[in-house]
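Here are the chains, one letter per residue:
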Amino acid sequence: MAKILVVDDEKLIVKGIRFSLEQDGMDVDCAYDGEEAINLAKQTEYDVVLLDVMLPKYDGFEVCQAIREFSEMPIIMLTAKGGDMDKILGLEYGADDYVTKPFNPLELVARVKSQLRRYTTLSSTPSGDAVYEAGGLVINDELKKVTVDGEEVKLTPIEYNILLLLMKNKGKVFSISQIYEEIWNEEAIGADNTVAVHIRHIREKIEINPKEPRYLKVVWGVGYKIEAGA
């Protein structure tokens, strides 16, 4: 049973989200301020965290940043309609995805299930040869482990799946739309910022100098690739 943490200071919204998720067989914990959310996340490794931006004590960005200090559990930010800056900031602080308020409960459940599929994929064990290398960058997909020059690198499920897609296709250039559709399994509408922020986070973790990347290269006007001869 998937375990979900819902964080919002509006109790009616929390009640509605909880009902929708429990109807789908999920186990739900609730928090109504940032401090409570951080404490619960430290006690339990949730499968997905639904995190509102506007919260008492600590706002959603601070909560997201705090969780990222000790866990890569998937986080979906709940942002205000038209709050494009909130969406970008959420991704910058380590969120995996966002849903805009007001939202359709079915859409929210679908987003949660999408994160659960990626999380389950990340936890499953593939068969056959599952090691991909580009110079000192190595993904062992059997162990779900990424190393750079022998040092392990911690990635979120989204970051891992983007890097795995590119590593499996070394030298092939993927557009932002292609990456989004492959990883999020939905049409890439307004995906530029979402993909770009995740790419930058990956670079910060795998590159010695993210501004002069050795592995994850941009092909201007086209997209991204893993350098085959890195």
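Residues numbered from 1 in each chain as written. Predicted model: local features only at pLDDT ≥ 70, side-chain atom pairs only at ≥ 80, totals over all residues. Heavy atoms only, no water.

Q: What am I meant to see in the side chain of Asp47 here?
A: By the secondary structure assignment, Asp47 is in the loop between helix H2 (34-43) and strand E3 (48-52). The side chain of Asp47 sits in the buried core without any salt bridge; Lys3 is the nearest counter-charge, 8.2 Å away. Separated by 2.7 Å, the side chain of Asp47 and the backbone nitrogen of Lys3 make a polar contact. (Helix = DSSP H or I, 4+ residues; strand = E, 2+ residues; numbered from the N terminus. Buried < 20%, exposed > 50% of the residue type's maximum accessible area, 1.4 Å probe, protein only. Lys, Arg positive; Asp, Glu negative; His and termini not counted. Salt bridge = Lys/Arg side-chain N within 4 Å of Asp/Glu carboxyl O. Polar contact = N/O pair within 3.5 Å; in protein donor to acceptor, adjacent residues only side chain to side chain.)

Q: Would you mind showing me how to read the pattern of salt bridges here?
A: Pairing is possible between side chains of opposite charge, provided their charged atoms come close. Tallying each qualifying case throughout the model produces 18 salt bridges. In this structure, the salt-bridge partner of Glu227 is Lys225, at a minimum N-O distance of 3.8 Å. Judged by its relative accessible area of 27%, Glu227 is partly exposed. Assessed through its relative accessible area of 19%, Lys225 is described here as buried. Because the salt bridges share partners, they merge into one network encompassing Lys3, Asp27 and Asp29.

Q: Just checking my understanding: could you explain the nonpolar core for this structure?
A: Proteins that are soluble and globular tend to have nonpolar side chains buried together. Counting residues in hydrophobic clusters, the biggest one holds 28 residues, and the most contacted among them are Leu137, Val146, Ile162, Leu163, Ile206, Leu216 and Ile226. Those elements that provide at least two residues to this core are strand E7 (137-140), strand E8 (145-148), helix H6 (157-168), helix H7 (176-184), helix H8 (192-206) and strand E11 (223-226). Per-element tally for this core: the top contributor is H6, with eight residues. When near neighbours in sequence (up to four residues on either side) are disregarded, Ile206 contacts Leu137, Val148, Val153, Leu163, Tyr215 and Leu216. In this structure, Leu40, Leu55, Cys64 and Leu91 belong to the second largest nonpolar core, which totals 24 residues. (Core = buried A, V, L, I, M, F, W, Y, C linked by side-chain atoms within 4.5 Å. Contact = heavy atoms within 4.5 Å.)

Q: I keep staring at the packing of aromatic side chains and nothing clicks. Help me out?
A: Two aromatic rings are characterised by how far apart their centres lie and by the angle between their planes. This model, assessed by the stated rule, comprises two aromatic pairs. Residues Phe61 and Tyr93 carry aromatic rings whose centres are separated by 5.6 Å and whose planes lie at 20° to one another, so their mutual orientation is stacked. Remark: Tyr93 occurs in the loop between helix H4 (84-92) and strand E5 (97-100) and Phe61 occurs in helix H3 (residues 60-68); sequence separation between them is 32 residues. The partly exposed category is assigned to Tyr93, whose relative accessible area is 31%. An angle of 5° between the planes, with centres 4.6 Å apart, marks the rings of Tyr180 and Trp184 as stacked. In this pair, Tyr180 and Trp184 are both assigned in helix H7, four residues apart and thus about one turn of the helix distant. Of the residues examined, Trp184 reaches a relative accessible area of 2% and is grouped as buried. Stacked on the ring of Tyr32, the Lys or Arg Lys11 has its end atom at 5.2 Å from the ring centre. (Phe/Tyr/Trp six-rings, centres within 6.5 Å; stacked < 30°, edge-to-face > 60°. Lys NZ or Arg CZ within 6 Å of the ring centre and 35° of its normal.)

Q: What am I meant to see in the sheet that holds strand E2 (residues 27-31) here?
A: What links the strands of a sheet is backbone hydrogen bonding, and the strands pair in either a parallel or an antiparallel sense. Strand order in the open sheet formed by five strands is E2-E1-E3-E4-E5, with parallel pairing between adjacent strands. Of all strands in the sheet, those with a lone pairing partner are E2 and E5, marking the two edges. Pairwise comparison of adjacent strand axes, ignoring direction, gives a mean angle of 20° for this sheet. Sheet topology places strand E1 (residues 3-7) next to E2; five bridges connect them, and they run parallel. Opposite Leu5, over in E2, you have Asp29 as the bridge partner. Relative to E2, helix H1 (residues 11-23) is tilted by about 165°, and along the sheet it contacts E1, E2, E3 and strand E4 (75-79). Set on the sheet, H3 makes contact with E3 and E4; between it and E4 the angle comes to about 175°. (Pairing = 2+ DSSP bridges. Axes fitted to C-alpha atoms, helices over the stretch in contact; angles between N-to-C directions.)

Q: Would you mind going over the packing of H4 against H8 with me for this structure?
A: How two helices pack is summed up by the angle between their axes together with the distance between the axes. Direction vectors running N to C along H4 and H8 enclose 20°, while the axes themselves pass 9 Å from each other. On the basis of their axis angle, the class for H4 and H8 is roughly parallel. Regarding H4 and H8, the two cross each other, and that crossing is right-handed. Residues Ile88, Leu91 and Glu92 of H4 touch H8, and the partners they reach there are Asn193, Thr194, Val197, His198, Arg200 and His201. Taken together, the residues that form the contact of H4 with H8 break down as three nonpolar, four polar and two charged. (Parallel < 35°, antiparallel > 145°, perpendicular 65-115°, else oblique. Left-handed = near helix turned anticlockwise from the far one by under 90°. Nonpolar A, V, L, I, M, F, W, Y, C, P; charged D, E, K, R; others polar.)

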